[in-house]
Amino acid sequence: MKLNSKAKKRYNFNFQDVIFILLGIFLVISLLLYTLFGINRNVNENSFVVITYAGTEIYNRPITEEKDPLVITKQMGITGDPENNILSIGREFDFVGPTVEVRIVDMTIQVVQEDSPHKICSNQGVVKYANTPIICEPNYIQVVIVDYSSDKPDNM
Amino acid sequence: MNIERIVRISLFVALSTVIHFFESMIVIPIPIPGFKLGLANIVGVFVLFYYGYKDYVGVTFFRVLLVAILFSGFGTGFLLSFAGNLFAVLITTLIYFLTRSSIFSASVLGAIFHSIGQVLMYMLISQSVYIITYLPYLAILSMLSGFLLALICRMVLIRMPEYKDTSKIRRKR
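Residues numbered from 1 in each chain as written. Chains lettered and ligands numbered in written order. Predicted model: local features only at pLDDT ≥ 70, side-chain atom pairs only at ≥ 80, totals over all residues. Heavy atoms only, no water.

## Quick word on the confidence of the model for chain A
Of the residues in chain A, 78% reach a pLDDT of 70 or more, and the chain-wide mean stands at 78. Low confidence marks residues 152–156 of chain A, where pLDDT is under 50. Its contacts with residues over four positions away, or in another chain, come to zero contacts. (pLDDT = per-residue confidence, 0-100. Contact = heavy atoms within 4.5 Å.)

Shown next, in the form of structure tokens:
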């Protein structure tokens, strides 16, 4: 059976594809440049570590406070005791593993223990840049270093 | 909607759901949250360029629904997948109608906008914008996988007789 030539044209790489794919590459490169240079990635003593569970903030303390490890549990009753390195997500404990352990040392963050099908966030390793989150999608946990100092005016 | 279309859509929904299931078994050792090959999109691109946009939209959204019902449930995963597929369907349909470009740009731009949609939905859900740091890497990898999927899809499409011809055969019988 003979292919209709008009239809067959749309299966082959043509000149318009070059334009559209170049547009796509341009979009991606501008996004890359924005995330590399447009976002503050520096970490200093005034930075904070913020941990959220499903959008709710459960931990917000200076990065200089070292935790090795900080255990996040779904245990009922404990409202969270950051002094003793235990956090509880409290109310709806929809969580894969029994615990998620976060290590905060030397101005870096790392998820050391978690339970999820692909172990993406523990494979991500040590993160030393600000505004670069570690995301444990099945556990709804997000760990990120936030540098508030850049948002404030310098003369205050 | 005639019976032929209903049968066709359900056939391709079943096919893409099975592909999606097998894809979830493949573990890609890339520590970027949310990256997947998107193999099920081969079916989408094939249906769009072989049967037209109505079937494509039907197959994509019924697949998202069926995957949610069978495997993941209507949680965060469903919302992410829905937003990603919505963006991908919009851009792919626009390219299909407004331009004369081929399956390659439809697949590649669909993949890029799929990750953009997912990241935007994740921002809405988690109420934080930090995930944007991963968007460029996610988009680069999706572009590559989109291009490869278009290559595979082309291999299938050039071996198929034209759709109108197949319906003629059936009538002649």
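## A word on the side chain of serine 142 of chain B
Residue and element names in this part refer to chain B. For serine 142, the location among the structural elements is in helix H6 (residues 135–159). A distance of 3.3 Å separates the side chain of serine 142 from the side chain of serine 115, its partner in a polar contact. Contact partners of serine 142, with chain neighbours within four places excluded, come to Phe35, Ala111, Ile112 and Ser115. (Helix = DSSP H or I, 4+ residues; strand = E, 2+ residues; numbered from the N terminus. Polar contact = N/O pair within 3.5 Å; in protein donor to acceptor, adjacent residues only side chain to side chain.)

## Topic: the packing of aromatic side chains
Each pair of aromatic rings is reported with the distance of its centres and the angle of its planes. All names here are of chain B. Tallied over the full model, the rule gives 16 aromatic pairs over all chains. Seen from their ring centres, phenylalanine 21 and phenylalanine 71 are 5.3 Å apart, and the 20 degrees between their planes marks the pair as stacked. With phenylalanine 21 in helix H1 (residues 3–23) and phenylalanine 71 in helix H3 (residues 53–72), this pair connects stretches of sequence that are 50 residues apart. A relative accessible area of 32% means that phenylalanine 21 is categorised as partly exposed. The partly exposed category is assigned to phenylalanine 71, whose relative accessible area is 42%. Geometrically, the ring pair formed by tyrosine 53 and phenylalanine 97 is edge-to-face, given 5.0 Å between the ring centres and 75 degrees between the ring planes. On the criterion of sequence distance, the pair formed by tyrosine 53 in helix H3 and phenylalanine 97 in helix H4 (residues 76–98) is long-range, its members being 44 residues apart. On the accessibility criterion, tyrosine 53 (36% relative accessible area) is partly exposed. (Phe/Tyr/Trp six-rings, centres within 6.5 Å; stacked < 30°, edge-to-face > 60°. Buried < 20%, exposed > 50% of the residue type's maximum accessible area, 1.4 Å probe, protein only.)

## Notes on the state of the cysteines
All names here are of chain A. A full pass over the atoms with the stated rule returns one disulfide over all chains. Here cysteine 121 is linked by a disulfide to cysteine 136, with a sulfur-sulfur distance of 2.1 Å. Classification of the bridge connecting cysteine 121 and cysteine 136 rests on its S-S torsion, roughly 90 degrees, and on that basis the disulfide is right-handed. Of this pair, cysteine 121 sits in helix H3 (residues 120–123) while cysteine 136 sits in strand S7 (residues 134–136); the two residues are 15 residues apart in sequence, bridging distant segments of the chain. Grouping residues by exposure puts cysteine 121 and cysteine 136 together as buried. (Disulfide = S-S within 2.5 Å.)

## Brief notes about the nonpolar core
Formed by 52 residues in total, the largest nonpolar core has its most connected members in Phe49, Ile112 and Leu157 of chain B. Those elements that place two or more of their residues in this core are helix H2 (15–38) of chain A together with H1, helix H2 (41–51), H3, H4, helix H5 (103–126) and H6 of chain B. The element that contributes the greatest number of residues to this core is H5 of chain B, accounting for 11 residues. Core analysis: the second largest hydrophobic core is formed by 21 residues, Val49, Ile51, Val102 and Val143 of chain A among them. (Core = buried A, V, L, I, M, F, W, Y, C linked by side-chain atoms within 4.5 Å.)

## Some details on the sheet that holds strand S3 (residues 67–73) of chain A
What links the strands of a sheet is backbone hydrogen bonding, and the strands pair in either a parallel or an antiparallel sense. Residues and elements named next belong to chain A. Strand order in the open sheet formed by four strands is S4-S3-S5-S6, with mixed pairing between adjacent strands. If you trace the sheet from one side to the other, it starts and ends with strand S4 (86–88) and strand S6 (108–113), each paired once. Pairs of neighbouring strands in the sheet enclose a mean axial angle of 25 degrees, with direction left out of account. Sheet topology places S3 next to S4; three bridges connect them, and they run parallel. Bridge pairing in S4 links valine 71 to isoleucine 86. (Pairing = 2+ DSSP bridges. Axes fitted to C-alpha atoms, helices over the stretch in contact; angles between N-to-C directions.)

## Some words on unusual backbone geometry
At aspartate 106 of chain A, a position not held by glycine, the phi torsion is positive, near 50 degrees. Here aspartate 106 of chain A is to be found in the loop between strand S5 (99–105) and S6.

## Considering the sheet that holds S7 of chain A
Residue and element names in this part refer to chain A. Overall, antiparallel pairing links the four strands, which are arranged S2-S1-S8-S7 in an open sheet. A single partner strand is all that each edge strand has here, and the edge strands are strand S2 (56–62) and S7. Recorded for the sheet is a direction-independent mean angle of 15 degrees between the axes of neighbouring strands.

## Quick word on the side chain of threonine 132 of chain A
Its place among the elements puts threonine 132 of chain A in the loop between H3 and S7. Assessed through its relative accessible area of 9%, threonine 132 of chain A is described here as buried. Discounting chain neighbours no more than four positions away, the residues touching threonine 132 of chain A are Val127, Val143 and Val144 of chain A together with Thr133 and Tyr134 of chain B.

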